[in-house]
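What follows is each chain in one-letter form.
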There are 2 protein chains.
Amino acid sequence: MEKHTFIPFSQVKITDGFWKMRQELNADTTIYAVKKRFEETGRFSAYQGHWREGMPHKPYFLLTGDIEKWMESVAYLLKNGKCKELEAVCDEVIDLIERNQFPDGYFNMWLMQTDPTRRWTNRDWHELYAIGHLIEAAVAYYEATGKDKLLRCACKAADHVEKVFVEEKSCAFFTPGHEEIELALVKLYHCTGNEKYLALSRHFINERGMHGEERIPADYGRFVSQNGRYDQTHAPVREQDTAEGHAVRALYLYSGMADLAREDEDQGLLKACQKIFDNIMNCRMYISGGVGSTYRGEAFTIDYDLPNLTAYTESCAAIALMLFARRMLLVDPDSKYADVIEKVLYNGFLSSTSLKGDAFFYENPLEIDPKQTGKEKFAVESARMPIMERAKVFYTSCCPPNITRTMASIGDYLYTCSADTLYIHQFMNSDAVIPMEKGDVKVRQCTDYPLTGDIRIAVEGDVKVAVRIPGWCEKWSLTVDGKPAVYTMNRGYAVLENIQGEICLQLDMAPYAVEANPYVQDDAGRIAICRGPVVYCLEGVDNGFNLRDIHVNMDQGIEVGGTDFCGIPVLEAKGWQRDEQAFGNSLYRRMKDNRKDISLHFVPYFAFANRGVTEMVIWVMP
Amino acid sequence: MEKHTFIPFSQVKITDGFWKMRQELNADTTIYAVKKRFEETGRFSAYQGHWREGMPHKPYFLLTGDIEKWMESVAYLLKNGKCKELEAVCDEVIDLIERNQFPDGYFNMWLMQTDPTRRWTNRDWHELYAIGHLIEAAVAYYEATGKDKLLRCACKAADHVEKVFVEEKSCAFFTPGHEEIELALVKLYHCTGNEKYLALSRHFINERGMHGEERIPADYGRFVSQNGRYDQTHAPVREQDTAEGHAVRALYLYSGMADLAREDEDQGLLKACQKIFDNIMNCRMYISGGVGSTYRGEAFTIDYDLPNLTAYTESCAAIALMLFARRMLLVDPDSKYADVIEKVLYNGFLSSTSLKGDAFFYENPLEIDPKQTGKEKFAVESARMPIMERAKVFYTSCCPPNITRTMASIGDYLYTCSADTLYIHQFMNSDAVIPMEKGDVKVRQCTDYPLTGDIRIAVEGDVKVAVRIPGWCEKWSLTVDGKPAVYTMNRGYAVLENIQGEICLQLDMAPYAVEANPYVQDDAGRIAICRGPVVYCLEGVDNGFNLRDIHVNMDQGIEVGGTDFCGIPVLEAKGWQRDEQAFGNSLYRRMKDNRKDISLHFVPYFAFANRGVTEMVIWVMP
């Protein structure tokens, strides 16, 4: 197993450009917007611990873990030297957590205040999920501030979990109904060096699928469990080879499996992770990098089932796919993982947040037809359409703090290294210092990618450099101080040795059309317009009505227009659609040549739905 | 109001050709197939009236009216001189009906044997629907055999209904939850001459929508009633202008409204019927003539919402649309009604029955992708796909006997007449004698339509003849004894006077492509191949996989092939699809020219799914 080292964002400073702007929006606006919503919905006050029946803002299991994810975000922002005043807010919450945690270590802000006697009785109540996020927040906060109060609470909670699930086996179930703690425990092990936390993660991963379906609570019966597929208990993890069930649960599990594969050099886990990742990438992922084709169970369905109008593609699932892919880079260095991360970063992840940074998609639509929403009016169970505009708050609000923590730690995705090679996975204007066997290596990226495709890379240190050549790119050049570079290709990376001077990677950024595999029924006869890693879409506000009826004249070319959206250009093209007027009232008629020439204005997909409710399509006709 | 006279099938003998073959299949096979299933499922034995708890084949409201519809079919067959031996079977059932009917006239084979005390307490129990079918069967059987026993039972039941709903108003609701009795009572009025039955029909139609939603039973709560739209109680009938809710209920109501508009010369009802019909024809009807876009509530949804893969399009709804259209021809003579009847006849109605005549679709798919059915496995509530092959029996079996009665009385759709004009609406090889003011008129059609477009019409009698020029036809000629005919066009009919010789209508039967209004999202960029009134489809068994990815080379023309399907030719064309092999594992890739030339074999839509489970599409790409 080729093991690589993870380079955390703390060693990578995003200095300028697209991602710097997004990170500043996150630090200046988004983190406060989420805080405000959480205050308004009683998420913070819940930590006072004195909620009683009849009081507003009843805690609920679907709300646990959100504050912890928000605090984890703050920790990353503090590490970046931002949002200093939020440290006091976290300290307050942490004091409350310490004060309210049960003496035996149990911690759950919902059950502790409603019915502690029912703890560990229902596999779907997210108790382990919430402790997982407590752990992630604790590790992050300790590493950002050096304060260990929350870390001690987290260890105490983890010790309690170890006691009741491993020693006593006194719980009504054996493994988490909603995965998350598996990957969190690996972080806790790295932070504390305590092997028992790694062992506990290993325990949960190995036990999964060994006890049948365990228990499916009645209130989850409406999601047919499919012999446990809904929460990945359908088979022992090493026998799983397709992405199944609830997408976020699945991807948090796969991330934990990848972590453990690395820690234990476990070939069985590695193979399972490889098969599952390939299944997602080759059969179950939208062009946006979003996953989860149906809202029923927020789940993966079957290969090539990628309906656009009813796509679910939860923001948390997009983030979780990046978490999984990033871990795969550490055990199976291949550019396909970084390609998927880039696809998600510029599309399915960015789309989750409004351009103003204060509103969010829980589900990310792949197509919007406001007329169709009328269908829902007929019957509760009729085809379910996603919301058409981002909301400032949800009842279940797992996504917003997941977005803030991801944006604050975006530097996690740029680099990994082997003993002698620095891998460059993502291209962002940045400075990094990377400790390697032969000493620190300094690497600076100067680029306004993806506005242009020019990436200049300066490396100081005795090291080989592996530069990812994006899968979307067909024409590119690599030079060192202006001279053609000498390199060898290795699994999607151009590997350079004895570098004397500045590496310059130039990627062809001409807009291009993408087609989907013919097995994808929904995209048959259609193409998506892209530029670099960015997927584009048409919106009604720019292009009128019946966007699904629009053809693009590819032979007339696609022009790069102004940079309306945070430095990403719009695209202009010529096209045509049929003239509705010519149909009068008729529903069907003999095919006639009835072309209405139109100018098409494409905007980046991530920027859709920022100008009111309007039609949107990604897949147009050539 | 231009009132026309209805010419029943009893005056029209189908003598040869396509419909003769289908009628013989109905008489020789289908009527017996349905009888066999009804015997096997205890539908007949239920009429013994001694079912008790614990015995098999518990009667249920969803099964009421089926035997009556089967007997109505037998009556029509007897009238055609067929199935003599089934008369004895009917007489037996009729004796049981007379014996079991309550002294006060109440009749319902389900409640009478389960809990008579609950009669008239639940609007959704189909009690009035079942009595409606009892009435239709009684009238048909009396007219076919002269036997009036069942007719007396029907009158007695109708009298009871009049007593409890009009005089006593003693029921828990005011109007039928499932319409049908409205149109049946008009038939009973014509058969008996008793005005009170017409008044009762008028009562139900006028009361509808005047009592709010009336009562929606809990067990129907899953179909959101939409303020009564589900069963057309959302507004007084004269204020309704769109087709709403459960398609069969709606269309039986509209048929009754059209009947009453004619009887009462009620302009308010006529206008409502016209608006509703236009809404269906222009916004809510599949190219097959099927209606009902969702299985949730088996219902109409919103304008232009015509998804193919999840279409519901119940066979009974297609038949009910013909019933409505036929009645509109009597109050608003326009070829659009006959055009819709023809569309349904050759597509959505014929598709309901297997070519062998012994299996049926309850829902008629507009597209089949066997892979997609896997989606259902994920969650009970996930996208619901229709069955892919016709079944020999259903639990709810309203469709099979509806099909047999319609096929046996197909002659109902050929002619209507005004005082001085004979209207020819449909083209079938036939002899008819039509009583008109100036005496009987004999009309003979000699044609092998739709194999060819030549229709020769011989008329004896002093009458004007209005020949429908089908809306699908762009090129046609009309001659009398070989000389160009003199005619005037009137609302889609070529009207000829002083006819001296044989009228010959020649319709251009060249295959053609149809496009849907751009507002129909599902058909954007797609066309349907048709010939005459027949819609064609591609099946996987002939054309491989990923049929949605297939393009037809229209410029190479579409050839008429052999006549595989009951005298209807198949169509051959050239086309292309993308080569899946070229994609390898990739889900997305840059658009490349990747055409695989293929030969396309189109079969009539009505003949699909007769050769095993296989893909099917109507809408292909040009």
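Residues numbered from 1 in each chain as written. Chains lettered and ligands numbered in written order. Predicted model: local features only at pLDDT ≥ 70, side-chain atom pairs only at ≥ 80, totals over all residues. Heavy atoms only, no water.

**Observations regarding the sheet that holds strand β12 (residues 488–490) of chain B**
All names here are of chain B. As a reminder, the rule being used: Think of it this way: DSSP has to see at least two bridges between two strands before they count as a pair. Only runs of H or I of at least four residues qualify as helices and only runs of E of at least two qualify as strands under DSSP, and these elements are numbered from the N terminus. In this description, contact between two residues means that some pair of their heavy atoms is separated by no more than 4.5 Å. A fitted line through C-alpha atoms serves as each axis, taken over the contacting stretch for helices, and the angle formed by two N-to-C directions is quoted from 0 to 180°.
Taken in spatial order, the six strands make up an open sheet running β1-β4-β5-β9-β13-β12, and their pairing is mixed. Each edge of the open sheet carries a strand with a single partner, namely β1 (5–6) and β12. Two strands pair when backbone bridges link them, and β12 and strand β13 (residues 493–496) are joined in this way by three bridges, in the antiparallel orientation. Bridging across to β13, threonine 488 finds its partner in valine 495. Packing against the sheet, helix α12 (residues 335–349) makes contact with β9 (464–468) and β13, and its axis sits at approximately 50° to β9.

**With respect to helix α1 (residues 18–40) of chain B**
All names here are of chain B. To keep it simple, the criterion reads: Here a helix's expected span is defined as the number of its residues, less one, multiplied by 1.5 Å. Note that the bend at a residue is defined as the angle between axes fitted to the seven residues ending at it and the seven residues starting at it.
Between its first and last C-alpha, α1 extends 31 Å over 23 residues, near the 33 Å set by a 1.5 Å rise per residue. The axis of α1 is deflected most strongly, by about 45°, at asparagine 26. Positive phi appears at glycine 42, one or two residues downstream of α1, with a value of about 70°.

**Comments concerning the relation of the copies chain B and chain A**
This is how it is decided: In superposing the copies, a least-squares fit is computed on C-alpha atoms, taking residues whose pLDDT is at least 70 in both.
Least-squares fitting of chain B to chain A yields an RMSD of 0.0 Å, with the superposition described by an axial translation of 0.0 Å and a rotation of 180°. The superposition operator between the copies reduces to a two-fold rotation axis. Comparing interface residues between copies, 99% of those in chain B also sit at the interface in chain A, which points to an isologous, same-surface contact.

**With respect to the confidence of the model for chain A**
Here is the rule: The pLDDT value expresses, per residue, how confident the predictor is, ranging between 0 and 100.
When the pLDDT values of chain A are averaged, the result is 94; 96% of them are 70 or greater. Scored as a whole, the predicted complex attains pTM 0.95, and scored at its interfaces, ipTM 0.95.

**Notes on the interface of chain B and chain A**
Note the following rule: The buried area of a pairing is the accessible area, by a 1.4 Å probe, that goes missing from both parts when the two are put together, added over both. Should a side-chain nitrogen of Lys or Arg be within 4 Å of a carboxyl oxygen of Asp or Glu, the pair is scored as a salt bridge.
Each side of the interface is counted separately: chain B has 73 residues, and chain A has 72 residues. In this assembly, chain B packs against chain A so that about 6500 Å² is buried in total across both faces, 55% of it on carbon and sulfur atoms. At the junction of chain B and chain A, the tally comes to eight salt bridges. Between A:Lys592 and B:Glu474 there is a salt bridge; the shortest N-O distance is 3.8 Å. At the level of secondary structure, the elements contributing two or more residues to the side of chain B that touches chain A comprise α10 (267–283), α13 (374–378), β15 (512–516) and β21 (588–590) of chain B. The element that contributes the greatest number of residues to the side of chain B that touches chain A is β15(B), accounting for five residues. Here three bridges tie strand β21 (residues 588–590) of chain A to β15(B), and the two strands are oriented antiparallel to one another. Counted as the bridge partner of A:Arg590 is B:Val514 from β15(B).

**Quick look at empty space enclosed by the protein**
Residues and elements named next belong to chain B. Basically, it comes down to this: Lining residues are those with an atom within 4 Å of a point, where the points come from a 1 Å grid over the protein atoms alone and group into cavities, where a 1.4 Å probe fits but cannot get out, or pockets, open sets with protein on both sides within 12 Å along at least five of seven lines. Grid points are joined across faces, edges and corners, and a volume is the space filled by probe spheres set on the points.
As enumerated under the stated definition, the model contains 16 cavities of 30 Å³ or more in all. The volume enclosed by the second largest cavity comes to roughly 160 Å³. Lining of the second largest cavity is provided by 19 residues; of these, Ala46, Tyr47, Leu63, Thr64 and Met109 occupy positions nearest its centre.

**Observations concerning the pattern of salt bridges**
Where charged atoms from two side chains of opposite charge approach closely, those side chains can pair. All names here are of chain A. The condition is simple: Burial status follows relative accessibility: with a 1.4 Å probe on protein chains alone, a residue under 20% of its type maximum counts as buried, one over 50% as exposed, and anything between as partly exposed.
Enumeration over the complete set of coordinates arrives at 107 salt bridges over all chains. Note that arginine 37 and glutamate 40 form a salt bridge whose closest N and O atoms lie 3.3 Å from each other. Taken together, the positions of arginine 37 and glutamate 40, both in helix α1 (residues 17–40) and three residues apart, correspond to about one turn of that helix. Look at arginine 37 and you get buried, because its relative accessible area is 15%. Judged by relative accessible area, glutamate 40 falls into the partly exposed class, the value being 44%. The partner of glutamate 72 in a salt bridge is lysine 187, with the nearest N and O atoms 3.8 Å apart. Of this pair, glutamate 72 sits in helix α2 (residues 66–79) while lysine 187 sits in helix α7 (residues 181–192), and the two are 115 residues apart along the sequence. You can call glutamate 72 buried: its relative accessible area is 1%.

**A look at the environment of A:Leu63**
Residue and element names in this part refer to chain A. For leucine 63, the location among the structural elements is in the loop between α1 and α2. Residues leucine 63 and arginine 43, spaced 20 residues apart in sequence, show a C-alpha to C-alpha distance of 7.6 Å. When residues no more than four places from it in sequence are discounted, the contact partners of leucine 63 are Arg43, Lys58 and Tyr395.

**A look at unusual backbone geometry**
For the bond running from A:Tyr449 to A:Pro450, omega is 5°, close enough to zero to count as cis. In this structure, A:Asn498 is a non-glycine residue whose phi angle is positive, near 40°. Its location among the elements puts A:Asn498 in the loop between β13 (493–496) and β14 (503–507). Not every positive phi belongs to a glycine, and B:Glu298 is a case in point at roughly 50°. Topologically, B:Glu298 is positioned in the loop between α10 and α11 (315–328).

**Concerning the nonpolar core**
For the record, the criterion: The nonpolar core is taken to be a set of buried Ala, Val, Leu, Ile, Met, Phe, Trp, Tyr and Cys residues, with the residues joined through side-chain atoms within 4.5 Å.
Counting 216 residues, the largest nonpolar core has B:Trp19 and B:Trp70 as the members making the most contacts within it. Apart from residues no more than four positions distant in its own chain, B:Trp70 is found in contact with B:Ile31, B:Val34, B:Lys35, B:Phe38, B:Phe44, B:Leu86, B:Val89, B:Cys90 and B:Pro401. Ranked by size, the runner-up nonpolar core spans 215 residues in total, among them A:Phe61, A:Ala408, A:Cys537 and A:Trp619.

**Side note on the packing of helix α3 (residues 86–100) of chain A against helix α5 (residues 127–145) of chain A**
Residues and elements named next belong to chain A. Our working definition: Angles are sorted into four bins: roughly parallel if under 35 degrees, roughly antiparallel if over 145, roughly perpendicular if 65 to 115, and oblique for all others. Throughout, a crossing is termed right-handed when the near helix is turned clockwise from the far one, and left-handed when it is turned anticlockwise from it by less than a right angle. Ten residues, namely Ala, Val, Leu, Ile, Met, Phe, Trp, Tyr, Cys and Pro, are considered nonpolar, four, namely Asp, Glu, Lys and Arg, are considered charged, and the remaining ones, Gly among them, are considered polar.
Viewed as axis vectors pointing N to C, α3 and α5 meet at an angle of 130°, and their least axial separation amounts to 13 Å. Relative to α5, α3 is oriented oblique. The crossing of α3 and α5 is left-handed. Judged by residue contacts, Glu87, Cys90, Asp91, Ile94 and Ile97 of α3 engage Leu134, Tyr141 and Thr145 from α5. Counted by class, the contact of α3 with α5 contains five nonpolar, one polar and two charged residues.

**Points about helix α6 (residues 149–167) of chain B**
All names here are of chain B. With 19 residues, α6 ought to run about 27 Å at 1.5 Å a step, and its terminal C-alpha atoms sit 26 Å apart, in line with that. Along α6, the residues classified as buried are Leu150, Leu151, Cys153, Ala154, Cys155, Ala157, Ala158, His160, Val161, Glu162, Val164 and Phe165. Elements in contact with the buried residues of α6: α2 (66–79), α3 (86–100), α5 (127–145), α7 (181–192) and α8 (195–207). Following α6 by one or two positions, lysine 169 has its phi on the positive side, about 50°.

**Here's the deal with the sheet that holds strand β2 (residues 12–14) of chain A**
Residue and element names in this part refer to chain A. The seven strands are arranged β2-β6-β7-β8-β14-β10-β11 in an open sheet whose pairing can be described as antiparallel. Sheet topology places β2 and β11 (483–484) at the edges, where each strand pairs with a single neighbour. Examined bridge by bridge, β2 and strand β6 (residues 430–436) share three bridges and lie antiparallel to one another. Across the sheet, isoleucine 14 pairs through a bridge with serine 430, a residue of β6.

**Focus: the environment of A:Phe61**
All names here are of chain A. Following the sequence through the fold, phenylalanine 61 ends up in the loop between α1 and α2. The class of phenylalanine 61 is buried, set by a relative accessible area of 1%. Distance in space between the C-alpha atoms of phenylalanine 61 and glutamate 127 is 7.6 Å, their sequence separation being 66 residues.

**Let's talk about the packing of aromatic side chains**
As a reminder, the rule being used: Pairing of aromatic side chains here covers Phe, Tyr and the six-membered ring of Trp, requires ring centres within 6.5 Å, and sorts the geometry by plane angle: under 30 degrees stacked, over 60 edge-to-face, intermediate tilted. We count a charge as sitting over a ring when the NZ of a lysine or the CZ of an arginine lies within 6 Å of the ring centre and within 35 degrees of the ring normal.
Counted according to the given criterion, the structure contains 58 aromatic pairs over all chains. Ring geometry for A:Tyr60 against A:Phe61: centres 4.7 Å apart, planes inclined by 55°, an arrangement best described as tilted. Arranged with centres 6.3 Å apart and planes meeting at 70°, the rings of B:Tyr312 and B:Tyr362 form a pair that is edge-to-face. You can see B:Tyr312 sitting in the loop between α10 and α11 and its partner B:Tyr362 sitting in the loop between α12 and β3 (367–368), a full 50 residues away along the chain. Just as B:Tyr312 is buried, B:Tyr362 falls in that class too. Three or more aromatic residues joined by ring pairs make a cluster, and in this case those are A:Phe18, A:Trp19, A:Tyr346, A:Phe427, A:Tyr449 and A:Phe606. Just above the ring of B:Tyr413 sits the side chain of B:Arg326; from NZ or CZ to the centre is 5.2 Å. Sitting over the ring of B:Phe608, B:Arg390 keeps its end group 5.2 Å from the ring centre.

**Re the pairing of strand β9 (residues 464–468) of chain A**
Residues and elements named next belong to chain A. The buried count for β9 comes to four of five residues, which makes it a mostly enclosed element. One ladder, built from four bridges, connects strand β5 (residues 421–424) with β9; its direction is parallel. Across the sheet, residue tyrosine 423 finds its bridge partner in β9, namely alanine 466.

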